[in-house]
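Listed here are the chains, written in short residue letters.
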Amino acid sequence: MRNLVASLDAGGRFEFLTLKEAGAHPRLGAWPAEKWKGNVHLVTEDRVLSGEDAIPEIVRHLRGGRLPAWILESVPGGRWLTARLYRWVARHRERW
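What counts, and where the lines are drawn
Residues numbered from 1 in each chain as written. Predicted model: local features only at pLDDT ≥ 70, side-chain atom pairs only at ≥ 80, totals over all residues. Heavy atoms only, no water. Helix = DSSP H or I, 4+ residues; strand = E, 2+ residues; numbered from the N terminus. Buried < 20%, exposed > 50% of the residue type's maximum accessible area, 1.4 Å probe, protein only. Areas by Shrake-Rupley, 256 points an atom, 1.4 Å probe, with all protein chains shown as cover. Core = buried A, V, L, I, M, F, W, Y, C linked by side-chain atoms within 4.5 Å. Contact = heavy atoms within 4.5 Å. Polar contact = N/O pair within 3.5 Å; in protein donor to acceptor, adjacent residues only side chain to side chain. Patch = residues over 30% accessible without salt bridge, like charges linked within 9 Å, V, L, I, M, F, W, Y side chains within 5 Å. Salt bridge = Lys/Arg side-chain N within 4 Å of Asp/Glu carboxyl O.

I'd like a description of the overall build of the protein chain, backed by residues and values.
Counting its regular elements, the protein chain contains 6 helices and 2 strands. Reading the secondary structure of the protein chain in the N-to-C direction produces α-α-α-β-β-α-α-α. Split into buried and exposed, the 96 residues of the protein chain put 25% on the buried side. Carbon and sulfur atoms provide 57% of the accessible area of the protein chain, an area that totals close to 6,900 Å².

Can you break down the nonpolar core residue by residue, with the values?
If you look at the biggest cluster of nonpolar residues, it comprises 7 residues: Val5, Phe14, Leu42, Leu49, Ala54, Ile58 and Leu62. When neighbours within four sequence positions are excluded, Phe14 is seen to be in contact with Val5, Asp9, Leu42, Ile58, His61 and Leu62.

Give me the lowdown on the environment of Arg60, citing residues and values where you can.
Among the structural elements, Arg60 can be located in helix α4 (residues 55-60). On the basis of relative accessibility, which here comes to 26%, the residue Arg60 falls in the partly exposed class. Separated by 10 residues in sequence, Arg60 and Trp70 place their C-alpha atoms 7.8 Å apart. Other than its neighbours up to four places away in sequence, Arg60 contacts Gly65, Arg66, Ala69 and Glu73. Reaching out from Arg60, the side chain makes a polar contact with the side chain of Glu57 at a distance of 3.2 Å.

Pulling in residues and values, what's your account of a nonpolar patch on the surface?
A surface patch of nonpolar side chains, about 380 Å² in accessible area, is lined by Leu67, Trp70, Ile71 and Val75. With respect to the helices and strands, Ile71 occurs in helix α5 (residues 66-74). Given a relative accessible area of 37%, Ile71 falls into the partly exposed group.

I'd like a rundown of the side chain of Thr82, residues and numbers included.
Counting through the fold element by element, Thr82 comes out in helix α6 (residues 78-91). Once you skip the residues sitting within four places of it in the chain, Thr82 turns out to touch Glu52, Ile55, Pro56 and Leu72.

This is the structure we're talking about:
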């Protein structure tokens, strides 16, 4: 998934951190490791979104992502679909 996001991130907005780097991040380092291990996190200036909650916001900032992000957030069943897809990708992350 990292490569897919990077390829669609035309503005270079995303920075990818390893678990070790995330532990040293000023906003994530204060969290217990169990909270940030195994999930994707989006750190913005004013908040940290984790897991399936981060997906619509990440998608919104990718090339061509505004409409898909709106669908994930606004269309009935969009949040349900986001949660299911996130869990499926997380279970199969070694494939990506």
